[in-house]
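Chains, contacts and geometry: an overview
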Amino acid sequence: MTTAEVAIAPPAAKAMDSLSPRDRRLGKLMLAPALIYIILLVALPFLLALFLSLTNSSAGSLDFSFVGFQNFKSVAASAVFLRALRNTFIFTFVSQLLVIFLGNILARALLKKFRGKFLVRFLILMPWAAPISLATLGWLWIFDSTFSVINWMLKATGWLGPGQWYYWLGDPTLGMVSIITVHVWRLLPFSTVILLAGLSSIPAEVHEAADIDGAGPLAKAFQITLPMMMPILTVAVLFGVVFTFTDMNVVYLLTRGGPYNSTHVLASLAYQEGVLGGDVGRGAAVAIFLVPLLVVMAVMMLRVSRRAEVT
Amino acid sequence: MQTRRQFIMRGGKLVAAGVAASAAGPTIFTRGAGAADKTLKILQWAHFVPAYDKWFDPFAKEWGAKRGIEVTVDHVGFADVVPRATAEVAAQSGHDIHMFIGLASAFEEHVLDLKDVVGTLDNKYGKQVDLALRSTYNPFTKKQFAVSDMWVPDPGNYHKKIWTDIGQPNGPATYEDLVKAAPEIKKKYPQMQIPIGIGLSQDIDSNMAVRNMLWCHGGSIQDKDANVVLNSPETLAALEYAKRLYSVGMTQAVLSWNAASNNQAFNAQETSYILNSISAYRTAQANNLPVLENYFFVPALKGPTGIMLASEHVMSGYVVWKFSKSQDTAKEFLVALIDASRESMLGSQLYNFPSFYGAAADPGTPMNKKIESGAAWIAKQCNNDPFGSKPADKLALLAKSQPWSTNLGYPGFANPAEGEIFDTYVITDMFAKAATGTLSPRDAMAEASNRAKEIFNKWRKKGMVPGGSKDR
């Protein structure tokens, strides 16, 4: 029986030893553009944000002085920040759960043969290809407090009685529901494609062998599909979590953090405080609050992924 | 490389020229269109009345063409004006002139002092309207950080038929009228979603609307000396009023509105009263909407204190960046723009009101009569709207809007702290929380007051805002 072997990948140092000096130089040369990109556009801005969070820097000025952890203290005492922190976790975990769950269903459906499969794949990919600002404008109308098409449909079908109305963007809970809905809609294509690739890569013989051995659907799911999907699933989840934790587009375009700053996530609050409000130091403090957590999560997930590497 | 002697000689000449220029009184120090001044880059907002942009862009380009200057005008949405300024300051490059539609005071350090421009305009046209001065001048640092060419009145917009049906054909006159009218409107028009459409959301229109409510109840964020006085019985009264109004006449819809939402709700006849400039009305005209025949205006509402005030809807503030390579050209352009105040007002279909009324005076009017003459010309346009209002005097009240219009920062001057409070929605959130019962009015006030003091103190430490000794 062919099974997936789970093994620790060889250390990078050993792999490097096996290369000739010429190949090593070429390797470094090939890596250089990516490294320069990461240093210039990721590492330096990050260090700058870290630096600014310890200052009283403001948008209209290039002068600043060090204020130590004052920005962090002030931010941590703010009710709006605490709400945004809670929202960030809700936003990330609920949307990721939905994305993985729905992506799995879609991927399994797309594994089957049926007429119009090409068209379905194309339609599923559409949200990923559409510019988020344009797409969110469409959603803005769908969730509009006065003209929501959902409400008008619910009214027409009798679901909503006289005087009943859903204020999708005017209620803190419904606001979060709207934000998560749009974000799930936006990330679902990517997740589906990734999971589809993972499912397609499992050799059919593995399942056939399991069938012969009398494995049921649950045993197959947990003992074959899930372990073999783990590396790719980890990549999808890691990407989704980091992307969602740091994203402000949907929140900003749909609710701008309202009503009364109740639907902010940390990224949108950082933008409001740092760019719109001009308090760059405070905005930077809000923005980098999640960095330690993101680092821990990234390390954990990469470890899991590495342990589960299929060789 | 200059020798010490050359340096001293040139410096001496510059000082002499400066002294001569000062002796001649405030004027613009021009050096002609030299090689460095051949371009002028202007960042302008995308006007709420698109017709204005069609007037402004060719105006700027023609002005430049006559002087051999290549003028570039870039438009951004109103929400991008401040982020764009932030980016340009950080990069120390970008446009020469940046137009703000609210407060430019946070950028004071990076802009030229435009006292000479305002001095020239004062000499040509007389004083600017007080709210324009209060939005563009910092009395603490004594810097004229921006020049305003226009401001926009913010009247109440009411639906004539609905208000006639409840026995008030002339619309509301006081804040109490709204509370009394709302249940009656609900009774007569049960299908109407939001009887009274005053926004309580994180957007520019709501930001102004809640300030109006605060001021008319006698409250304010700061006093005239920039002490934070939000924590007051007057603020509490305004919040308790907002709670009453919300419970009888509004829904959660107003908590989610953006800058266009109140226009859309009024134009769809889903609300009977909003606070807005005439841009929504012009949209109704352009599209010949059914609401048009019932689209009427009232002045600012009176509060229980007798105060009747509304924030300007837009206050232009043109700044010239210190990093600009075309500073003199930029200053000349700003004077030319204000020279064209009549064309600007007509180009915006009476949306823009000149900040220098004297610039709209009849040609040849003596200096001491210019402001009066300009006001008369403005009144003539409003009394007989050249853009097809029916009746033609529908906008007549706008001509008398100056006494009930004021600046952000009332009763003091605009300053960066007021700007940050505006841009981070501290006051709208206070009203929204109190109105919806999320917090008690007292707790909502305390929360907002603490945040306001924190923001003011930060700017005081930077030496840009005075006050503090009488903070409450």
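Worth saying up front: this structure is predicted, and the values here are computed from it rather than measured. (Residues numbered from 1 in each chain as written. Chains lettered and ligands numbered in written order. Predicted model: local features only at pLDDT ≥ 70, side-chain atom pairs only at ≥ 80, totals over all residues.)

**Points about the pairing of strand β3 (residues 97-100) of chain B**
All names here are of chain B.
- Neither face of β3 is open: one carries Ile 97 and Met 99, the other His 98 and Phe 100, and all of them are buried.
- Sheet topology note: the strand β1 (residues 39-45)/β3 ladder contains two bridges and is parallel. Looking across to β3, one finds that Leu 43 is bridged to His 98.
- Where β3 meets strand β12 (residues 317-320), four bridges bridge the pair, whose relative direction is antiparallel. When the sheet's bridge partners are listed, His 98 is paired in β12 with Val 319. (Buried ≥ 20, exposed ≤ 12 C-beta atoms within 10 Å, placed from the backbone. Helix = DSSP H or I, 4+ residues; strand = E, 2+ residues; numbered from the N terminus. Pairing = 2+ DSSP bridges.)

**Describing the packing of helix α4 (residues 115-125) of chain B against helix α12 (residues 327-339) of chain B**
Residue and element names in this part refer to chain B.
- Where α4 meets α12, the axes come as close as 10 Å, and the angle between the chain directions of the two elements is 30°. What the angle tells us is that α4 and α12 run roughly parallel. The element α4 and its partner α12 pack so that their crossing is right-handed. On the side of α4, the interface is formed by Asp 116, Val 117, Thr 120 and Leu 121, while α12 contributes Lys 331, Leu 334, Val 335 and Ile 338.
- Split by residue class, the contact of α4 with α12 holds five nonpolar, one polar and two charged. (Axes fitted to C-alpha atoms, helices over the stretch in contact; angles between N-to-C directions. Parallel < 35°, antiparallel > 145°, perpendicular 65-115°, else oblique. Left-handed = near helix turned anticlockwise from the far one by under 90°. Contact = placed C-beta atoms within 7 Å. Nonpolar A, V, L, I, M, F, W, Y, C, P; charged D, E, K, R; others polar.)

**Side note on the sheet that holds β12 of chain B**
All names here are of chain B.
- With mixed pairing, the four strands of this open sheet are ordered in space as β2-β1-β3-β12. Sheet topology places β2 (70-76) and β12 at the edges, where each strand pairs with a single neighbour. Each neighbouring strand pair of the sheet contributes to a mean axis angle of 20°, computed without reference to strand direction.
- Set on the sheet, helix α3 (residues 81-91) makes contact with β1, β2 and β3; between it and β3 the angle comes to about 150°.
- Across the sheet, α12 is in contact with β1, β3 and β12; its angle to β12 comes to roughly 160°.

**A few points about the domain arrangement of chain B**
Residues and elements named next belong to chain B.
- Considered domain by domain, chain B is made up of domain 1 (26-148 + 314-383) and domain 2 (156-312 + 407-461).
- For domain 1 and domain 2, the distance between their C-alpha centroids amounts to 29 Å.
- Across the boundary between the two partners, domain 1 contributes 19 residues, which contact 18 residues of domain 2.
- Put simply, the parts of the chain that give the side of domain 1 that touches domain 2 at least two residues each are α5 (130-136), β4 (137-138) and β11 (314-315).
- The element best represented in the side of domain 1 that touches domain 2 is α5, accounting for three residues.
- Along the lines of polarity and charge, the residues of the side of domain 1 that touches domain 2 split into 13 nonpolar, five polar and one charged. (Domains from an automatic or database assignment.)

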